[in-house]
Amino acid sequence: MATEYTAKDIQVLEGLDPVRKRPGMYIGGVGSAGLHHLVWEIVDNSVDEAMNGHAKEITVTLHKDGSSITVSDDGRGIPIDKHPKHKKTALEIVYTTLHAGGKFEGANYKTSGGLHGVGASVVNALSTKVVVTVKRGGAEHTMEFRRGVAQGSLKKLGAARGSGTTVFFQPDPQIFPRTEFDPQLIRDRLEVASFLHRGVKVRFIDQAHGTDETFKHDQGIVDYLKKVIGERSQKAIHDAPFTLLKENGAKVEVAFQWTESTDEHVRSYVNGIPTGSGGTHENGLRSAVGKAVRNFIDTHNLTPRGVTLTGDDIREGFTSILSVYIAEPQFQGQTKDRLNNPEVQSYVDQAVRPALEQWLNSNRSVAEQIVARIVLAARAREASRAASAAVSRKTATSGRLTLPGKLSDCSSSAREKTELFIVEGDSAGGSAKQGRDRELQAVLPLRGKVLNTESVALAKVLENKELADLVVAMGCGVGKDFDISRLRYARIIVLADADSDGHHISTLLLTFFYRHIPELLKNGKVFVAVPPLYRIDIGKETHWAADDADKERILKAAGKDESKVEITRFKGLGEMMPKVLWETTLAPKSRRLLRIEIADALQTDRVINDLMGKDPSARFNFIMEHAQEAADIDV
Ligand code: 0RA
């Protein structure tokens with residue numbers, strides 16, 4: 001055979017009619033995602049120019065109408081010389097021809113992949129109007145299209161300095177039911193682009209809402225990693241992240257760091273497109289990290305005794321940014337955001353693994369910190385598994401678990417009505433035990449000190465007898481074994497003295513819930529009881545005051561002869577007669593309960609972090625201020 005043609009050599013050039021007939025085939029659909037694909041496509045062309053080192057600035061303007069956009073860059077400008085065979089400018093060919101083969105003929109630039117390679121012509125076909133302006137060779141030229149059809153030929157506007165491309169487009173309402181762009185979506189995508197392409201200045205002018213933002217990150221994805229860790233209010237356990245940039249069949253760029261957080265977080269991109277459902281590139285990263293870390297542990301005899309490390313242990317708190325560029329990405333899944341190219345897994349694995357091993361070996365103290373973190377994760381997993389195994393074993397054998405000896409459980413098993421009171425101290429526990437409704441209210445007295453769990457790993461937390469007992473009593477497990485459906489009570493109520501010691505205990509318990517079982521708070525299961533501090537007898541009437549302000553208010557309202565008033569200050573819950581405790585604090589009809597909620601997790605997280613180690617009562621006040629009154633929840 002003389003000449004062999006491969007599919008690659010065949011370039012099918014077509015008119016734009018098919019695009020208008022079946023837009024979904026080219027942009028996935030005509031909903032919001034399809035509409036925004038137009039933006040990504042035009043922006044990606046400018047990003048390509050920047051990626052190849054020719055453009056330094058990209059400006060995206062959302063016009064006042066909210067549904068037309070201009071994208072401009074200071075790159076070389078789309079070529080405007082006439083193509084010898086087609087007798088058209090490259091600009092016109094790019095904008096009016098469907099490139100079934102992917103890249104247009106003679107293009108000597110590497111594409112970022114853009115809209116899976118479909119090109120600017122698709123945007124042109126689906127827009128009522130497109131205006132392309134090119135500065136190059138000392139002059140400015142412009143060309144206009146309507147629904148993909150050129151309106152006359154390229155026009156010279158006049159002399160101009162510099163070079164660049166500006167594209168205006170307006171999506172066609174005949175194609176898109178809604179043509180308004182979402183500025184937040186565009187903003188976020190542009191910000192990500194500025195992270196993925198270090199040093200490129202990306203500006204977003206939103207004329208519809210009057211905002212103007214510029215993104216530029218000289219440290220690229222390292223800056224991105226910092227931002228992601230900060231946003232999730234995590235704390236890195238080592239200073240410098242691992243970073244890598246390598247081209248071996250694919251361009252692989254990665255930055256990661258281990259944090260104190262219990263979850264793993266990966267942001268991945270393929271050709272600048274977010275891959276929210278992961279795929280082969282993420283798998284490659286995962287296997288590389290797993291193998292490199294294990295290898296390091298093995299070579300340095302750091303294997304812990306009594307636990308086997310799993311991949312999840314290794315990646316607990318692992319936060320990373322992964323960006324790959326490949327020639328022909330295949331996407332899969334319902335939202336087409338999972339990478340499916342099998343070869344990419346080994347590209348990433350082979351790029352990351354040796355580099356990470358070397359990094360671990362040449363940063364020994366960091367590596368040892370990471371290993372310690374991993375071993376702790378494994379121990380925590382073991383401990384919480386053991387704790388919940390104990391619970392389910394007991395439930396399975398007797399139907400009732402062997403609960404902590406000091407728990408006075410309720411007799412009813414109607415979980416939707418029962419309550420667990422966590423009570424500080426034995427004497428208070430005694431009063432609560434006698435004063436409660438035995439059918440529906442359980443009492444768990446805490447004897448020893450509650451551990452401050454603010455920055456303590458779960459394994460350590462569960463070594464604390466008081467907290468371990470609490471976990472067993474609640475029955476819902478903790479950490480990865482948490483299962484809210486196994487919670488044995490409808491409400492978990494913290495009952496502590498109205499003094500600063502009591503506040504301290506409450507704070508420690510709430511910190512434990514917040515840090516280690518946040519789901520309980522998210523589901524509104526945690527409450528703080530408000531016991532009275534004063535008993536005020538006015539004549540035959542008895543009033544209860546939660547604090548001094550409350551007392552003043554009662555006295556003022558009564559306005560009676562002071563001599564007829566008798567005030568008793570309770571030193572602690574233990575002093576209260578069981579019947580009084582029932583009436584004031586336990587009885588659903590007359591008590592006050594505060595529901596503790598996480599209104600804004602991020603905010604709460606920051607505040608708890610800030611107050612760490614400071615005056616515990618200040619911390620308590622914060623939590624109480626944000627607690628919701630829940631006086632009238634019925635049982
Ligand atoms: C092909 C060749 C050359 C530039 C471009 C494409 C180009 C395309 C776009 C799309 C948006 N902005 C762009 N900037 C550049 C350069 C050919 C040359 O000058 O040698």
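Residues numbered from 1 in each chain as written. Predicted model: local features only at pLDDT ≥ 70, side-chain atom pairs only at ≥ 80, totals over all residues. Heavy atoms only, no water.

Novice: Looking at this structure, how should I read the overall build of the chain?
Specialist: Helix and strand counts for the chain come out as 20 helices and 27 strands. In the chain, of all internal contacts separated by at least 6 residues, the share reaching a separation of at least 24 is 69%. Only carbon and sulfur atoms are counted for the fraction: they give 49% of the accessible area of the chain, which is about 30,000 Å². (Helix = DSSP H or I, 4+ residues; strand = E, 2+ residues; numbered from the N terminus. Contact = heavy atoms within 4.5 Å. Areas by Shrake-Rupley, 256 points an atom, 1.4 Å probe, with all protein chains shown as cover.)

Novice: When you look at helix 18 (residues 578-586) in this model, what are you seeing that I'm missing?
Specialist: Turn by turn, an α-helix covers 3.6 residues, leaving residues three or four places apart pointing in a common direction. Considered for burial, the residues of helix 18 that qualify are Pro578, Val580, Leu581, Thr584, Thr585 and Leu586. For helix 18, the angular spread of buried residues about the axis comes to 155°, placing them on one side. (Buried < 20%, exposed > 50% of the residue type's maximum accessible area, 1.4 Å probe, protein only. Arc of directions from axis to C-beta.)

Novice: Which parts of the structure should I look at to understand the side chain of Ser46?
Specialist: If you trace the backbone, Ser46 turns up in helix 3 (residues 32-51). Assessed through its relative accessible area of 5%, Ser46 is described here as buried. Those residues in contact with Ser46 that lie beyond four places of it in its chain are Ala55, Ile58, Val71 and Asp73.

Novice: Quick question: what am I supposed to make of the environment of Lys235 here?
Specialist: Mapped onto the fold, Lys235 is located in the loop between helix 7 (221-231) and strand 12 (242-247). Between the C-alpha atoms of Lys235 and Thr259, which are 24 residues apart in sequence, the distance is 5.3 Å. If we ignore the near neighbours within four places in the chain, the residues touching Lys235 are Thr259 and Glu260.

Novice: I'm lost on the sheet that holds strand 24 (residues 541-545) in this one. Help?
Specialist: For sheets, the rule is that strands pair by backbone hydrogen bonds, running either parallel or antiparallel. In space, the 3 strands of this open sheet follow the order 24-23-25, with antiparallel pairing throughout. Bordering the open sheet on either side are strand 24 and strand 25 (565-569), each of which pairs with just one other strand. On average, each strand axis in the sheet is inclined to that of its neighbour by 20°, with strand direction left out of account. Together, strand 23 (534-538), strand 24 and strand 25 form the strand contacts of helix 17 (residues 548-558), whose direction differs from that of strand 23 by roughly 5°. (Pairing = 2+ DSSP bridges. Axes fitted to C-alpha atoms, helices over the stretch in contact; angles between N-to-C directions.)

Novice: In this structure, what is going on with the site of the ligand? I would like to understand it.
Specialist: Close to the ligand lie 10 residues, the nearest being Glu49, Asp73, Arg76, Arg136 and Thr165. In the model, a nitrogen atom of the ligand is placed 2.7 Å from a nitrogen or oxygen of the Asp73 side chain. Side-chain polar atom of Arg136 to an oxygen atom of the ligand: 3.0 Å apart, as the coordinates give it. For the ligand, the protein covers 84% of the area, taking 460 Å² as the surface of the free molecule. (Near = heavy atom within 4 Å. Polar contact = N/O pair within 3.5 Å; in protein donor to acceptor, adjacent residues only side chain to side chain.)

Novice: Would you take a moment to explain the side chain of Asp349 for this structure?
Specialist: Following the sequence through the fold, Asp349 ends up in helix 10 (residues 342-362). A distance of 3.0 Å separates a polar atom in the side chain of Asp349 from a polar atom in the side chain of Lys291. Ignoring anything within four residues of it in the chain, the contact list for Asp349 reads Gly284, Ser287, Ala288, Lys291 and Pro354.

Novice: Please explain the packing of aromatic side chains as it appears in this structure.
Specialist: What characterises a pair of aromatic rings is the spacing of the ring centres plus the angle enclosed by the ring planes. Evaluation of the coordinates by the stated rule reveals 11 aromatic pairs. Look at Tyr95 and Phe145: their rings are 5.8 Å apart centre to centre, the planes differ by 20°, and that puts the pair in the stacked class. Of this pair, Tyr95 sits in helix 4 (residues 90-96) while Phe145 sits in strand 6 (residues 139-146), placing them 50 residues apart in sequence. Residue Tyr95 is classed as buried on the basis of its relative accessible area of 2%. (Phe/Tyr/Trp six-rings, centres within 6.5 Å; stacked < 30°, edge-to-face > 60°.)

Novice: Can you help me understand unusual backbone geometry in this one?
Specialist: Peptide bonds are trans in most cases, and residues, glycine excluded, mostly fall at negative phi. The phi angle at Arg147 is positive, at roughly 45°, despite the residue not being glycine. Its location among the elements puts Arg147 in the loop between strand 6 and strand 7 (149-150). Backbone geometry places Asn271, a non-glycine residue, at a positive phi of 50°. Counting through the fold element by element, Asn271 comes out in the loop between strand 14 (265-270) and strand 15 (273-274).

Novice: Explanation requested: the sheet that holds strand 12 in the structure shown.
Specialist: Strands sit in the order 12-13-16-14-15 across an open sheet of 5 strands; the sheet is mixed. Looking at the sheet topology across the chains shown, the edges are occupied by strand 12 and strand 15. Lying over the sheet, helix 8 (residues 280-299) contacts strand 13 (251-258), strand 14 and strand 16 (318-325), oriented at roughly 130° with respect to strand 16.

Novice: Just to check I follow, could you spell out the pattern of salt bridges for this structure?
Specialist: A complete count under the given rule lists 36 salt bridges for this structure. Between Lys571 and Glu575 there is a salt bridge; the shortest N-O distance is 3.9 Å. Judged by relative accessible area, Lys571 falls into the exposed class, the value being 68%. Exposure remark for Glu575: the relative accessible area of 45% places this residue in the partly exposed category. One continuous salt-bridge network, built from bridges that share partners, spans Arg187, Asp188, Glu191, Glu213, Lys227 and Glu231. (Salt bridge = Lys/Arg side-chain N within 4 Å of Asp/Glu carboxyl O.)

Novice: How should the nonpolar core be read in this particular structure?
Specialist: The nonpolar side chains of a soluble globular protein tend to be buried with one another. Core analysis: the biggest nonpolar cluster contains 44 residues, and Val60, Ile69, Leu91, Tyr95, Val132 and Phe169 have the highest contact counts within it. Once residues within four sequence positions are removed from consideration, Tyr95 is found in contact with Leu16, Ile42, Ile78, Ala120, Ser121, Asn124, Val130, Val132, Phe145 and Val167. The next biggest cluster of nonpolar side chains, apart from the first, holds 40 residues, and it includes Trp258, Phe296, Val352 and Ala367. (Core = buried A, V, L, I, M, F, W, Y, C linked by side-chain atoms within 4.5 Å.)

Novice: Quick question: what am I supposed to make of the confidence of the model for the chain here?
Specialist: Interpretation of the predicted coordinates at a detailed level should be avoided for regions scoring low in pLDDT. Considering every residue of the chain, the mean pLDDT works out to 85; 85% of them sit at 70 or more. The model gives residues 607-635 a pLDDT under 50, and that stretch makes 58 contacts with residues more than four places away or in other chains. (pLDDT = per-residue confidence, 0-100.)

Novice: What should I look at first to understand helix 15 (residues 500-516) in this one?
Specialist: Over its 17 residues, helix 15 runs 24 Å from end to end, which matches the ideal 24 Å to within 8%, given 1.5 Å per residue. Taking burial as the measure, the 17 residues of helix 15 include 12 buried ones, the bulk of the element. Taken together, the buried positions of helix 15 are Gly502, Ile505, Ser506, Thr507, Leu508, Leu509, Leu510, Thr511, Phe512, Phe513, Tyr514 and His516. (Expected span 1.5 Å × (residues − 1).)

Novice: Can you help me understand the packing of helix 6 (residues 183-196) against helix 7 in this one?
Specialist: What describes two packed helices is the angle between their axes and the distance between those same axes. Helix 7 packs onto helix 6 with a crossing angle of 130° between their chain directions and a minimal axis gap of 7 Å. Between helix 6 and helix 7, the crossing angle belongs to the class labelled oblique. On helix 7, the residues touching Glu191, Val192, Phe195 and Leu196 of helix 6 are Ile221, Asp223, Tyr224 and Lys227. Counted by class, the contact of helix 6 with helix 7 contains 5 nonpolar, no polar and 3 charged residues. (Parallel < 35°, antiparallel > 145°, perpendicular 65-115°, else oblique. Nonpolar A, V, L, I, M, F, W, Y, C, P; charged D, E, K, R; others polar.)

Novice: Would you take a moment to explain the pairing of strand 8 (residues 155-159) for this structure?
Specialist: Taken residue by residue, a regular strand's side chains alternate between the two faces of the sheet. By the criterion of burial, strand 8 is predominantly exposed, with just 0 of the 5 residues buried. Relative to strand 8, strand 6 runs antiparallel, the two sharing 4 bridges. Its bridge partner lying in strand 8, His141 is registered against Lys156.

Novice: What am I meant to see in the pairing of strand 23 here?
Specialist: With 4 of 5 residues buried, strand 23 lies mostly within the body of the structure. Hairpin connection of strand 23 to strand 24: 2 residues between the antiparallel strands, including Gly539 at a positive phi of 60°.

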